[in-house]
Amino acid sequence: MDGSFIVVPKDTPSSSVTTTTTSQEQQALTTVSAATTATTTTATTTTTTKTIDGKVHTSKTESTESTATKSLLQKELQALSTPNKVFQNWAKTFRCVPEQYYTPTTEEEIVKIIHLARISGKSVKAIGTGHSPSDLACTDGFMINTDKLNSLISVDEEKMTITVQAGMKLHKLHDLLELHDLAMSNLGSISDQSVAGIMSTATHGTGAEYPSMCASVLELTLITATGETISCSKTEKADIFNAAACSLGALGIITQMTLQCERAFRLENKQEPAKLNDVLNNLDNIIHSAEHVRLWWYPHTDNVVVWRANRTTKEISLPVLSWRSSKWFAVHVYEGLLYVCRFIPRLIPTLSRFMFWATQSKPIERVDDSVKVFNFDCLFSQYVNEWSIPWSRTAEALRALDHFIESGSVKDNKDQDKSATTKANKDAPLYVHFPIEIRFVKKDDVWLSPAYGVDSCYIGIIMYRPYGMAVPYKRFWAGYEKIMASLDGRPHWAKAHSVTPEGLEESYPKMKEFSAIRQRLDPEGMFLNDYLRRHLVVPK
């Protein structure tokens, strides 16, 4: 495809529809055509749809005309559908079986899927790569895989912007940008996700002067629950844009995005070992010591890796490979040792010290293209959790987390006597995996960004699943969330968390405005699933 979309005019039936029709089907064609061109009402059905606790319910009464429309849409969409397909996320920690699994190639087909869902009383959820370590993408209704909505629409080299279909994977976006001497200003750890996926969950990289990636969105196109196509930007339909730039799929299906980029660049990356207390006592200077700074703390030790990267014009220079940096050691040996620790958890602190010595105890330097420096291997299946807090509370959070891991108890912020807190709680210490990753993000103005209005530190914790085997993590998660919530924390949207809608309304100044937009665009809750009801819908 060349990035353009084919739209069927109102008076032209789709080419996939047979030309021999009954009178009822001929009437249905008018309805399908109207849906394709984003008509916001369905006059040919008497189906009554109600919303009860955010769920879509449809009465059994359908007109003959509605039945014919439904039948015709099902025929048209059959080639795009895989019924009873099992969906599971990348880490294989969440799964679902949607009633229909669609893989459309055009906006017109998405409109038809939405129209069919509306007259059938089904929910709709779009997915990209399925990298979210939560049930954010899950549904038992209609699932839309956006993989084939992956074309380049336009590039403006002078303004350094690119417009793409929102199902495009980041690694393809990078390849296209490279052809035009452009690059994204900041990236997260991987590039397997779709463009819409990373923006809709406020995925972020690290850098004191660099906001979350959704702040780079300039314009977007959204298809709503009525089949209406809305184009919006910071200056056009700004309220919808501010809500949709990070919207968790709750407002509709995003089909296009225009992104702000910059000239392609290389990064000089230096990482060196340090001690936790030294880092925490000098944190503000470290945060601003390079354009991009991240920390990897190895729990059960006081070892930290300080990772820095700055733009450079130097030639590409890669570190000399050794057994310590080889994939067989960093991935396969580590996974095998973690598997042993499933049966002998007390070995985890020793493993943490050994792996730091083997892989991070010496400085490492390299120069490479920005994408290759920003991205790295996330190894294998894992449970992860991540929250943001204000920069100013980073040291407090990490000290509280260290205390929790070693003592098994969460210290009350009001209690300054650490020994008394530990003595009063006889919980056993935890055994947790490394690394705990700390990244820094500039504040932005995207309504549901965890960095909305505040310079933020993201602290991410992890428990690997060696060979896909389960490991205990819930106690670690519960204490971590208690600590982060006490420090004005906001959870990363892609991760599984326990914050209620009421709690999120307190954390996000624009949550009520977002909810009003959602109610306006999707009053019957077509795009809601269990995750969104759990976190966005305040019970009445």
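Look up a bit, the structure's there.
Just so you know, these numbers come straight off a predicted model, no measurement behind them.

### A look at the pairing of strand 9 (residues 161-165)
Along any regular strand the residues' side chains alternate between the sheet's two faces.
1) Next: The buried fraction of strand 9 is high, at five of five residues.
2) Next: On strand 9, burial covers both faces: Thr-161, Thr-163 and Gln-165 on one face and Ile-162 and Val-164 on the other are all buried.
3) Next: The pairing of strand 8 (residues 152-156) with strand 9 spans four bridges and is classified as antiparallel. Within the sheet, the bridge partner assigned to Val-155 lies in strand 9 and is Ile-162.
4) Next: Hairpin connection between strand 8 and strand 9: a loop of four residues separates the two successive antiparallel strands, and Met-160 in this loop has a positive phi of roughly 60 degrees.

### Remarks on the environment of Ala-137
1) Next: Its location among the elements puts Ala-137 in the loop between strand 6 (124-127) and strand 7 (142-145).
2) Next: Residues Ala-137 and Ala-494, spaced 357 residues apart in sequence, show a C-alpha to C-alpha distance of 9.2 Å.
3) Next: The residues touching Ala-137, leaving out its near neighbours within four places in the chain, are Phe-87, Lys-125, Ile-127, Met-143 and Asn-529.

### Here we look at the sheet that holds strand 9
1) Next: The strand order 8-9-13-11-12 describes an open sheet built from five strands, whose pairing is antiparallel. Both outer strands of the open sheet, strand 8 and strand 12 (229-233), are each paired with one neighbouring strand and no more. For this sheet, the mean angle separating the axes of adjacent strands, direction not counted, is 10 degrees.
2) Next: Against the sheet, helix 4 (residues 170-179) contacts strand 8, strand 9 and strand 13 (253-260), and its axis sits at roughly 140 degrees relative to strand 9.

### Topic: the nonpolar core
1) Next: One finds Leu-173, Leu-401, Ile-459, Phe-476 and Trp-493 to be the most contacted residues of the largest nonpolar core, which totals 119 residues.
2) Next: When residues of this core are assigned to their parent elements, the largest contribution, seven residues, is made by helix 12 (residues 394-407).
3) Next: Leu-77, Ala-117, Val-124 and Phe-527 belong to the second-largest nonpolar core, a separate cluster that totals 20 residues.

About the criteria used
Position numbers for residues start from 1 in each chain and track the written sequence from start to end. Residue-level local features of this predicted model are given only where pLDDT is at least 70; pairs of side-chain atoms are given and counted only at 80 or more, and the full residue set underlies all totals for whole chains, interfaces and linings. Side-chain measures were taken over the full set of non-hydrogen atoms in the model, leaving aside hydrogen atoms and water. Remark: exposure states derive from per-residue accessible area (1.4 Å probe, protein chains only) relative to the maximum for the residue type, with buried under 20%, exposed over 50%, and partly exposed in between. Helix numbers and strand numbers start at the N terminus; a helix is a DSSP run of H or I with at least 4 residues, a strand a run of E with at least 2. Pairing between strands requires that DSSP locate at least two bridges from one strand to the other. By definition in these notes, contact holds between two residues if any of their heavy atoms fall within 4.5 Å. Lines fitted to C-alpha atoms define the axes here, with helix axes fitted over just the stretch in contact, and angles between the N-to-C directions of these axes take values from 0 to 180 degrees. Grouping buried Ala, Val, Leu, Ile, Met, Phe, Trp, Tyr and Cys residues that are joined through side-chain atoms within 4.5 Å yields what is termed a nonpolar core.

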